Amino acid sequence: MVLGIIAAGAIAVIALWWHSTPDVSGLGGWLTGAGEVLGLLAGYGVVVLVALMARLPPLERGLGGDQLARWHAMGGRYVVSVVCAHGLLILWGYAVEAHTSVVSETATLLTQYPDVLMATAAGFLLLGVGIVSMRAARRRVRYETWYYLHLYTYLAIALAFSHQFADGAAFTSSLAARFWWSAMYLTVLVLVLWYRVAVPLRAYMRHRFTVTGIKAEGPGVISVYIGGSRLSELNAEPGQYFRWRFLTRSLWWSSHPYSLSAAPGQDLLRITVKDIGDHSRALSRLRPGTRVFAEGPYGALTPATSGSGRAAVLVAGGVGITPLRAIFATLPGPVTLIYRASRAQDVVFREELDAIAAARGATVHYLIGPRDGFGGDPLSPRSLRTLVPGLDEQDAYVCGPPGMTAAAVRALRAAGVPRARIHFESFEF
Ligand SMILES: Cc1cc2nc3c(=O)[nH]c(=O)nc-3n(C[C@H](O)[C@H](O)[C@H](O)COP(=O)(O)OP(=O)(O)OC[C@H]3O[C@@H](n4cnc5c(N)ncnc54)[C@H](O)[C@@H]3O)c2cc1C
């Protein structure tokens, strides 16, 4: 449905161009026309990209943050390409129509057309952010560096806005079109401010989240207990995550996603964190009483949105056990948990999981050690079918590092579980 709405918007944008273009003739006209329609699509595309990241509850709960991030990344690549093509086609088309060279037309556009200089700077900013976001480049920069560079897209959008009305034929001739376009930008701006700023502030005031304790769960893994008031009003579900901002001198400036590792209580939440970098490592030094901003709940890996009453298999990889531990304790019906870890010391919650399994008559399979020890992939379709009789009739929930999650989803598909019954979350945006 979301993709349908986005596509319908794109069709409306093309219709706007069609309506405002009486005729297209000659090479110059076609090039300019193509440049204009791509410009409109780019203007619309950036709004869609921002809306996907505006933390809208229906999207966050329906699709999940990791899925939204994947769409955002893919859409970002299209939009940056469309922006570049828009600029080049307009330049070329104008040059052909004016019987001049592209170089001299570039100078004319930059100096004589209103706001084109600003829009060009915006285009280069978007291109720069696109390059930094490419997989090969992104691996080389710190997450925080990439994230803060990414915020320059807001500046780019602001810089490019006015040239659309000043130069775009679709807008210079139509007040209604200007109104529609402004309303679209304004709506998304309000949604971003509301859901990314106002709602977390309001939640902080209302729930007064505070660290109440830290517990070591295993080498490099700790649980953080967070107390607060009226937590049931959050409507958080097992399997969901929050973005946590711990208000200490070194951590207040960044928020990180961590899943609830136990079903949310009336006045207590628990997250469990593996130390893989600066932030996750610093959490072991948190003191009780530390104030916390919590943004959420987010995530679509919840039986509440996807549960069906069928038997279920949960497949966890490494610290991906956290949301599945919460689901394991609460999902109704027969459940099998498969927990994959490279080393025995990486298994957390073993006692808790065994106690839950005993209490509800569920099964836990710990698959520990390197592949060779299993004589092959322990999460292959065949071994999954052996571990879980009747697997193809069940719902499946998968969580872990991106590579393991993708492999487990493929194996479940190959083992006969329909795509619609596989719910997964990857611990990477
Ligand atoms: C939906 C979701 C739920 C998660 N739940 C858990 C959990 O329950 N327990 C757990 O141990 N880990 C969880 N993670 C992973 C956790 O967020 C990262 O391990 C942590 O943010 C790493 O930060 P760092 O500074 O310690 O490490 P870094 O070395 O800075 O980052 C390592 C990697 O973590 C990711 N990352 C870093 N900072 C952020 C950020 N601010 N926002 C998003 N991703 C970031 C990036 O992919 C980065 O490459 C979850 C991730 C996601 C997306």
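Only a predicted model underlies this, so the values are computations on that prediction, with no experimental measurement involved. (Residues numbered from 1 in each chain as written. Predicted model: local features only at pLDDT ≥ 70, side-chain atom pairs only at ≥ 80, totals over all residues. Heavy atoms only, no water.)

K.L.:
How would you explain a positive patch on the surface if you had to name every residue and give the values?
P.N.:
A contiguous patch of positive charge on the surface is contributed by R77, R135, R139 and R140. Positionally, R140 belongs in the loop between α7 (135-138) and α8 (143-150). Overall, R140 belongs to the exposed group, its relative accessible area being 71%. (Patch = residues over 30% accessible without salt bridge, like charges linked within 9 Å, V, L, I, M, F, W, Y side chains within 5 Å. Areas by Shrake-Rupley, 256 points an atom, 1.4 Å probe, with all protein chains shown as cover. Salt bridge = Lys/Arg side-chain N within 4 Å of Asp/Glu carboxyl O. Lys, Arg positive; Asp, Glu negative; His and termini not counted. Charge placed at Lys NZ, Arg CZ, Asp CG, Glu CD. Helix = DSSP H or I, 4+ residues; strand = E, 2+ residues; numbered from the N terminus. Buried < 20%, exposed > 50% of the residue type's maximum accessible area, 1.4 Å probe, protein only.)

K.L.:
Describe helix α17 (residues 402-414), listing the residues and the values that go with them.
P.N.:
If you check α17, its first and last C-alpha atoms are 18 Å apart, about what 13 residues at 1.5 Å a residue would give, namely 18 Å. Taken residue by residue, α17 has M404, T405, A408, V409, A411 and L412 as its buried positions. Looking straight down α17, one finds that the buried residues subtend no more than 165° of arc, so they occupy a single side. Opposite the packed face of α17, turned more than 90 degrees from it, sit the exposed residues G403, R410 and A414. Tucked inside the fold, the buried residues of α17 contact β7 (312-317), α16 (381-387), β10 (395-400) and β11 (422-426). (Expected span 1.5 Å × (residues − 1). Arc of directions from axis to C-beta. Contact = heavy atoms within 4.5 Å.)

K.L.:
How would you explain the sheet that holds strand β2 (residues 221-227) if you had to name every residue and give the values?
P.N.:
Spatially, three strands are ordered β1-β2-β5 in an open sheet, and the strand pairing comes out antiparallel. Two strands close off the open sheet at either side, each with one partner strand: β1 (210-218) and β5 (268-274). Averaged over all pairs of adjacent strands, the angle between their axes in this sheet comes to 20°, without regard to strand direction. Strand direction decides the pairing type here: β2 and β5, joined by seven bridges, are antiparallel. Pairing of V224 across the sheet is with I271, part of β5. (Pairing = 2+ DSSP bridges. Axes fitted to C-alpha atoms, helices over the stretch in contact; angles between N-to-C directions.)

K.L.:
Quick one: what's the story with the pairing of strand β8 (residues 335-341), residue by residue and with numbers?
P.N.:
A large share of β8 lies buried, amounting to seven of its seven residues. As paired elements, β7 and β8 share six bridges and run parallel to each other. When the bridges of β8 are listed, A312 appears paired with V335. Crossover β7 to β8 through helix α14 (residues 321-330) is right-handed. Both β8 and strand β9 (residues 363-368) contribute to a ladder of six bridges, which runs parallel. Paired with R340 across the two strands is L367, which belongs to β9. (Right-handed = clockwise from strand over helix to strand, strands pointing away.)

K.L.:
Break down the nonpolar core for me, citing the residues and quoting the values.
P.N.:
With 35 residues, the main nonpolar core has L16, L40, V46, F171, W181 and Y185 as its most contacted residues. Within the residue set of this core, elements represented by two or more residues are α1 (2-20), α2 (26-52), α4 (65-97), α6 (116-133), α9 (152-167), α10 (169-172) and α11 (175-207). At eleven residues, the largest contribution of residues to this core is made by α2. F171 has contacts with L16, L40, Q164, F165, A177, R178 and W181, leaving out every residue within four places of it along the chain. Membership of the second largest hydrophobic core comes to 25 residues, among which are L324, Y339, L353 and Y397. (Core = buried A, V, L, I, M, F, W, Y, C linked by side-chain atoms within 4.5 Å.)

K.L.:
Now, about the site of the ligand: what can you tell me, with residues and values included?
P.N.:
Near the ligand, the surroundings consist of 22 residues, among which H256, P257, K274, S280 and T322 are the closest. Here H279 contributes a backbone N or O atom positioned 3.0 Å from an oxygen atom of the ligand. With the chains in place, 87% of the 880 Å² that the ligand exposes on its own is no longer accessible. At the level of elements, β4 (256-259), β5, α12 (278-282) and β11 are the ones that each hand at least two residues to the shell around the ligand. In terms of residue count, the dominant contributor to the shell around the ligand is β4 (four residues). Across the shell around the ligand, the residue classes tally to nine nonpolar, nine polar and four charged. (Near = heavy atom within 4 Å. Polar contact = N/O pair within 3.5 Å; in protein donor to acceptor, adjacent residues only side chain to side chain. Nonpolar A, V, L, I, M, F, W, Y, C, P; charged D, E, K, R; others polar.)

K.L.:
Hey, could you go over a nonpolar patch on the surface for me, with residue numbers and the actual values?
P.N.:
A surface patch of nonpolar side chains, amounting to about 660 Å² of accessible area, comprises L186, L189, V190, L193, W194, V197 and L201. With respect to the helices and strands, W194 occurs in helix α11.

K.L.:
Can you explain the side chain of R340? Please cite residues and give values.
P.N.:
In this fold, R340 is placed in strand β8. With no salt bridge to any partner, buried R340 finds its closest opposite charge in D377, at an N-O distance of 5.5 Å. Looking at R340, its side chain comes within polar contact range of the main-chain oxygen of G369, at 2.7 Å. Setting aside residues up to four positions removed in sequence, R340 forms contacts with A316, G317, G318, L367, I368, G369, P370, R371, F374, P378 and L379.

Function-wise, these values are silent; they only describe arrangement.
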